[in-house]
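Next come the chains, spelled out residue by residue.
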Amino acid sequence: MPDKLIAEIENRRDALIALTQDLVRIPTQNPPGDNYLEICEYLANRLKKSGFQIEMVRAHGAPGDSDTYPRWNVVARREGNSLGECVHFNSHIDVVEVGRGWTTDPFGGALIDGKIYGRGTCDMKGGLAASIIAAEAFLAVTPTFSGAIEISGTADEESGGFGGVAYLAEKGFFSPSRVQHVIIPEPLNKDQICLGHRGVWWAEIETHGEIAHGSMPFLGDCAVRHMGAVMHEMERSLFPALAQKRTEMPVVPEGARQSTMNINSIHGGEPVQPEGYTGLPSPCVPDSCKMVIDRRFLIEENIDDVQQEIHQVLQTVQSQRPDFRYDIREIQRVLPTMTDKSAPVVQTVAQAIGQVLGRDPRYVVSPGSFDQKHIDRIGQLSNCIAYGPGILDLAHKPDEYVAVDDMIDSAKVMALALHQLLCPTAQTLD
Ligand SMILES: [Zn+2]
């Protein structure tokens, strides 16, 4: 056990707390994408001090990018003394809206009983801070190493990552010739290694009708009733079939170890009037009804079959309702991904968890997707995991926090992983 490296992390407890607090105090809510430049500049200034070379990358033209809300990313790289592999820590800098129910200041970063509170502490500024402290400690005790360390802070993970990791991957930042190991410090608990995520298929279904006076609905055709028939058929045939599909992927929580579908929204007829409108609705037969579905699928499933199931529902309804007309439009697709347990980054982090926590890691898969999807698909790099401090259940909730001890432990794991991957001659540190 490289005791010197472990001690170096322990010595940086106050620095880790201060860094996490600083990051939380830069409010980076997304949408709309506040203060991305500010947080990237903060990270750049910090990492420059440890000899990192900085690249600031604005995702020009990405969804959400504008002069008011520019999509800034920072990529920092520290070269070693000889050629070798590159270990990349990728964290998203954005946080979700605050929401209601807070008893602490969401951007205060208060330290109470060993926990730092605030929006983004757990998801995932705590993980970002832990990876920076791990790299700084590693550099302080390792005069020579081979390869390189990269740390990136990227935009928009919470809204799909198109102005963040996807953009960087398109520009080659995650190509296998540049980066060989990727660790994403999302809050998956300090003793768990997240190998991947389920697939996503979002679509909008629209049923069509004919507008008419509401007092004579027989003169029109009600699109909402058609949608009701679609929902009925989903309840009858689709949901029971999805519940039967089980996966070998170790998805947590357990309930997500099957295919699922959520109906995100449904709307038909007259638009909702603005708050404060005191008039009555008008009597019309709705000529359109739209539903957005969110289908999560398994590595054992094929995207074509996933789509076909929905088409089958619509065709069944069509065979029963002569006037039934519909459109379906894909909104988003993400294929499932799962890094092999024998991949070097998995093996290395597993060993480091054993050294720091004295137990074997638990391997998990995320029910929802995160930036790994872009690294995998655009970057073509499969040696990627999510590993970081924090309890996933606290993400996006009021009074979100991260425990300082958990950050310290995962910083130790990250630092040991750096040592393992970048010091092939196994320098003795103790
Ligand atoms: Zn996150």
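Coordinates for the structure precede this section.
Asker: Just to check I follow, could you spell out the coordination of the zinc ion for this structure?
Answerer: Distances from the zinc ion to its protein donors, namely His92 (NE2), Asp123 (OD), Glu186 (OE) and Glu186 (OE), fall within the range 1.9 to 2.7 Å. Around the zinc ion sit four donor atoms; with metal-centred angles ranging over 52 to 145°, the donor geometry is irregular. All donors of the zinc ion belong to a single chain; written as a sequence motif, their spacing is H-x30-D-x62-E. Placement of the pair is Asp123 in helix α4 (residues 121–141) and Glu186 in the loop between β7 (181–184) and β8 (192–197), with a sequence separation of 63 residues. Neither residue differs from the other here; Asp123 and Glu186 are each classed as buried.

Asker: I tried to follow unusual backbone geometry on my own but got confused; where do I start?
Answerer: The omega torsion of the bond from Asn30 to Pro31 falls at -10°, within 30 degrees of zero and hence cis. Note on placement: Pro31 falls in the loop between α2 (13–24) and α3 (36–48). Unusually for a residue other than glycine, Asn35 sits at a positive phi of about 60°. Here Asn35 lies in the loop between α2 and α3. In this structure Asn35 comes out as partly exposed when scored by relative accessible area, which is 29%.

Asker: Would you take a moment to explain the nonpolar core for this structure?
Answerer: Residues Phe138, Ile149, Ile151 and Val349 are the most contacted members of the largest nonpolar core, which totals 68 residues. When residues in this core are grouped by element, the largest group, twelve residues, is from helix α10 (residues 404–422). Ignoring any residue separated from it by four or fewer positions in sequence, one finds Ile149 in contact with Phe52, Ala76, Arg77, Arg78, Val87, Ala135, Phe138, Leu139, Leu418 and Leu422. Judged by nonpolar contacts, the second largest core, of 27 residues, contains Ala59, Val75, Val364 and Leu381.

Asker: Teacher, can you tell me more about the packing of helix α1 (residues 3–11) against α4 here?
Answerer: In helix packing, the relevant descriptors are the interaxial angle and the interaxial distance, both defined with respect to the helix axes. With their axes 9 Å apart at the nearest point, α1 and α4 run at an angle of 130° to one another. In terms of axis orientation, α1 runs oblique to α4. Our pair here, α1 against α4, has a crossing hand that is right-handed. Across from Lys4, Leu5, Glu8 and Ile9 in α1, the residues of α4 making contact are Ile133, Ala134, Ala137, Phe138, Ala140 and Val141. A class-by-class count of the residues in the contact of α1 with α4 yields eight nonpolar, no polar and two charged.

Asker: Would you explain the packing of aromatic side chains in this entry?
Answerer: Working definition: an aromatic ring pair is given by the centre-to-centre distance plus the angle between the planes. In the structure shown here, the tally under the stated rule is three aromatic pairs. On the basis of an interplanar angle of 35° and a centroid distance of 5.5 Å, the ring pair of Phe324 and Tyr326 is categorised as tilted. Both residues of the pair, Phe324 and Tyr326, belong to the buried class. Residue placement shows Lys115 over the ring face of Tyr401; its charged tip is 4.7 Å from the ring centre.

Asker: Honestly, the environment of Cys423 in this entry has me stumped. Any pointers?
Answerer: Examined against the element boundaries, Cys423 turns out to sit in the segment after α10. Looking at Cys423, the relative accessible area reads 3%, which means it is buried. Once you skip the residues sitting within four places of it in the chain, Cys423 turns out to touch Phe138, Thr142, Phe145 and Leu418.

Asker: Looking at this structure, I do not really get α2. What am I missing?
Answerer: Owing to its 3.6 residues per turn, the α-helix aligns residues three or four sequence positions apart on the same side. With twelve residues, α2 extends 17 Å from end C-alpha to end C-alpha; this agrees with the ideal 16 Å at 1.5 Å per step. Those residues of α2 that fall on the buried side of the exposure criterion are Leu16, Ile17, Leu19, Thr20, Gln21, Leu23 and Val24. Elements that come into contact with the buried residues of α2 comprise α3, β4 (111–112), β5 (115–117), α4, β16 (401–403) and α10.

Asker: I'm lost on α4 in this one. Help?
Answerer: Here α4 spans 28 Å end to end across 21 residues, near enough to the 30 Å set by a 1.5 Å rise per residue. With 20 of 21 residues buried, α4 is to be regarded as a mostly interior element.

Procedures and definitions
Residue indices begin from 1 for each chain and proceed along its sequence in written order. The predicted nature of this model means local features are confined to residues of pLDDT at least 70 and side-chain atom pairs, given and counted, to a pLDDT of 80 or more, with totals for whole chains, interfaces and linings taken over all residues. No hydrogens and no water enter the side-chain calculation; it runs on all heavy atoms of the structure. Water is not among the atoms examined, so metal sites may look incomplete; donors are the N, O and S atoms within 2.8 Å of the metal, or within 3.2 Å for Na, K and Ca. Each label reflects the angles at the metal, where four donors whose angles all fall between 85 and 135 degrees are tetrahedral, four or six donors whose opposite pairs open beyond 155 degrees and whose other angles stay between 65 and 115 are square planar or octahedral respectively, and the rest are irregular. The way it works is that DSSP assigns letters per residue, a run of H or I at least four long becomes a helix, a run of E at least two long becomes a strand, and they are numbered from the N terminus. Only protein chains enter the accessibility calculation, which uses a 1.4 Å probe; a residue whose area is less than 20% of its type maximum is buried, one above 50% is exposed, and one in between is partly exposed. By convention a nonpolar core is built from buried Ala, Val, Leu, Ile, Met, Phe, Trp, Tyr and Cys residues, the set being connected through side-chain atoms within 4.5 Å. Whether two residues are in contact is decided by their heavy atoms: any pair within 4.5 Å suffices. Every axis corresponds to a line fitted to the C-alpha atoms, with the helix fit spanning only the stretch in contact, and the corresponding angles, defined between N-to-C directions, vary from 0 to 180 degrees. Angles below 35 degrees are treated as roughly parallel, those above 145 as roughly antiparallel, those between 65 and 115 as roughly perpendicular, and all remaining angles as oblique. Whether a crossing is left-handed or right-handed is set by the direction in which the near helix is turned from the far one by less than a right angle, anticlockwise for left-handed and clockwise for right-handed. Three residue categories are used. Nonpolar comprises Ala, Val, Leu, Ile, Met, Phe, Trp, Tyr, Cys and Pro, charged comprises Asp, Glu, Lys and Arg, and polar comprises the others, including Gly. Two aromatic rings from Phe, Tyr or Trp, using only the six-membered ring of Trp, form a pair when their centres are within 6.5 Å; if the ring planes differ by under 30 degrees the pair is stacked, by over 60 it is edge-to-face, and anything between is tilted. The rule is short: NZ of Lys or CZ of Arg within 6 Å of the ring centre and within 35 degrees of the ring normal puts a charge over the ring. Every helix has an expected span of 1.5 Å times one less than the residues it contains.

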